[in-house]
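Fold and contact review
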Amino acid sequence: NAGVMQNPRHLVRRRGQEARLRCSPMKGHSHVYWYRQLPEEGLKFMVYLQKENIIDESGMPKERFSAEFPKEGPSILRIQQVVRGDSAAYFCASSPIGTRVSAAKNIQYFGAGTRLSVL
Amino acid sequence: GEDVEQSLFLSVREGDSSVINCTYTDSSSTYLYWYKQEPGAGLQLLTYIFSNMDMKQDQRLTVLLNKKDKHLSLRIADTQTGDSAIYFCAERSNYQLIWGAGTKLIIKP
């Protein structure tokens, strides 16, 4: 049973380009979470999605960032017109169930992350 | 708002016990987690504890929770070189995880 798969592992972009980060959740999981980790910091929540729905995007910057989780295919985190401050590790997690359930059923399993470097 | 605090570094000798501490602020947190991150790798869930528990033990790992003081600790017995990593404490706030900055565990020979 494959874990959470993220690609690419490393992504280099020049300022002004677009970055597309992909996340395939664990088999049987229908809930996806994106987190951002800046150097020397913990993770910060960005967005929570179910299939075809954005449940909570309160951690997403208001501009340039968007996320989707289509009916078929991976979840995509898209950053338009990247700036140097977007350089970070972006982690995706998935869980079988979303809100207000016991931890045993709602463990978030993490991918290895995508490290974005903006030149 | 919620906040999770950890020391940034801990240095221990191989074979000794490591104790990594964490404080949190959200008294309504129901679950608290410890994750391990090795260099260049993702996050591995080590263990979690429900807020109505004081202690949880799993092989070399012991988690202690002091809910009154909002203090969580992770004890690693017989620390080995393979335990070198960054250890993150996280509290659950609804479905979000609120994270500490991580404690880097350094093992001295």
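Look above for the structure.
I will try to describe carefully the structure that is included in this document. What you are looking at is a predicted structure, and each value in this text was computed from that prediction instead of being measured.

How each quantity is defined
Residues numbered from 1 in each chain as written. Chains lettered and ligands numbered in written order. Predicted model: local features only at pLDDT ≥ 70, side-chain atom pairs only at ≥ 80, totals over all residues. Heavy atoms only, no water. Pairing = 2+ DSSP bridges. Helix = DSSP H or I, 4+ residues; strand = E, 2+ residues; numbered from the N terminus. Axes fitted to C-alpha atoms, helices over the stretch in contact; angles between N-to-C directions. Disulfide = S-S within 2.5 Å. Phe/Tyr/Trp six-rings, centres within 6.5 Å; stacked < 30°, edge-to-face > 60°. Buried < 20%, exposed > 50% of the residue type's maximum accessible area, 1.4 Å probe, protein only. Lys NZ or Arg CZ within 6 Å of the ring centre and 35° of its normal. Contact = heavy atoms within 4.5 Å. Polar contact = N/O pair within 3.5 Å; in protein donor to acceptor, adjacent residues only side chain to side chain. Buried area = accessible area lost by both parts, 1.4 Å probe. Salt bridge = Lys/Arg side-chain N within 4 Å of Asp/Glu carboxyl O. Nonpolar A, V, L, I, M, F, W, Y, C, P; charged D, E, K, R; others polar.

Residues and elements named next belong to chain A. The strand order across the open sheet built from 4 strands is E1-E3-E8-E7, with neighbouring strands paired in antiparallel fashion. Single-partner strands in this sheet number two, and they are strand E1 (5-7) and strand E7 (65-68). Ignoring strand direction, the axes of neighbouring strands in this sheet form an average angle of 15°. The pairing of E7 with strand E8 (residues 75-79) spans 4 bridges and is antiparallel. Bridged to serine 66 within E8 is arginine 78.

This part is about the state of the cysteines. Residues and elements named next belong to chain A. Going through the model one piece at a time under the given rule, you end up with 2 disulfides over all chains. Across a sulfur-sulfur distance of 1.8 Å, cysteine 23 and cysteine 92 are joined as a disulfide pair. On the sign convention where negative is left-handed, the bridge of cysteine 23 and cysteine 92, at about -55° about the S-S bond, is left-handed. Taken together, the positions of cysteine 23 in strand E3 (residues 19-24) and cysteine 92 in strand E9 (residues 88-95) put the pair 69 residues apart, joining distant regions of the chain.

As enumerated under the stated definition, the model contains 12 aromatic pairs over all chains in all. The interplanar angle of 75° and the centroid separation of 6.0 Å between the aromatic rings of Tyr35(A) and Phe45(A) together place this pair among those described as edge-to-face. Of this pair, Tyr35(A) sits in strand E4 (residues 31-37) while Phe45(A) sits in strand E5 (residues 43-50), and the two are 10 residues apart along the sequence. Here the two residues Tyr35(A) and Phe45(A) agree in accessibility, since each one is buried. The structure contains a cluster of three or more aromatic residues connected by ring pairs, namely Tyr35(A), Phe45(A), Phe110(A), Tyr31(B), Tyr33(B), Tyr35(B), Tyr48(B), Phe50(B), Phe88(B) and Trp99(B). Sitting over the ring of Tyr48(B), Lys56(B) keeps its end group 4.1 Å from the ring centre.

Moving on: the environment of Asn66(B). Residue and element names in this part refer to chain B. Looking at the secondary structure, you find asparagine 66 in strand E7 (residues 61-66). Taking the C-alpha atoms as reference, asparagine 66 lies 9.5 Å from threonine 23; in sequence the two are 43 residues apart. The residues touching asparagine 66, leaving out its near neighbours within four places in the chain, are Tyr24 and His71. A distance of 2.9 Å separates a polar atom in the side chain of asparagine 66 from the backbone nitrogen of aspartate 69.

Facing 19 residues of chain B, the contacting portion of chain A comprises 27 residues. When the two sides are added together, the surface that chain B and chain A hide from each other amounts to roughly 1800 Å², 54% of it contributed by carbon and sulfur. Considering only the surface of chain B that becomes buried against chain A, Leu43(B), Tyr95(B) and Trp99(B) emerge as the three largest contributors, covering 33% of it. Across the contact surface, chain B and chain A share 0 salt bridges. Contributions of two or more residues to the side of chain B that touches chain A are made by strand E4 (31-37), strand E5 (43-50), strand E9 (85-93) and strand E10 (96-99) of chain B. Here the residues of the side of chain B that touches chain A are counted per class, giving 12 nonpolar, 6 polar and 1 charged.

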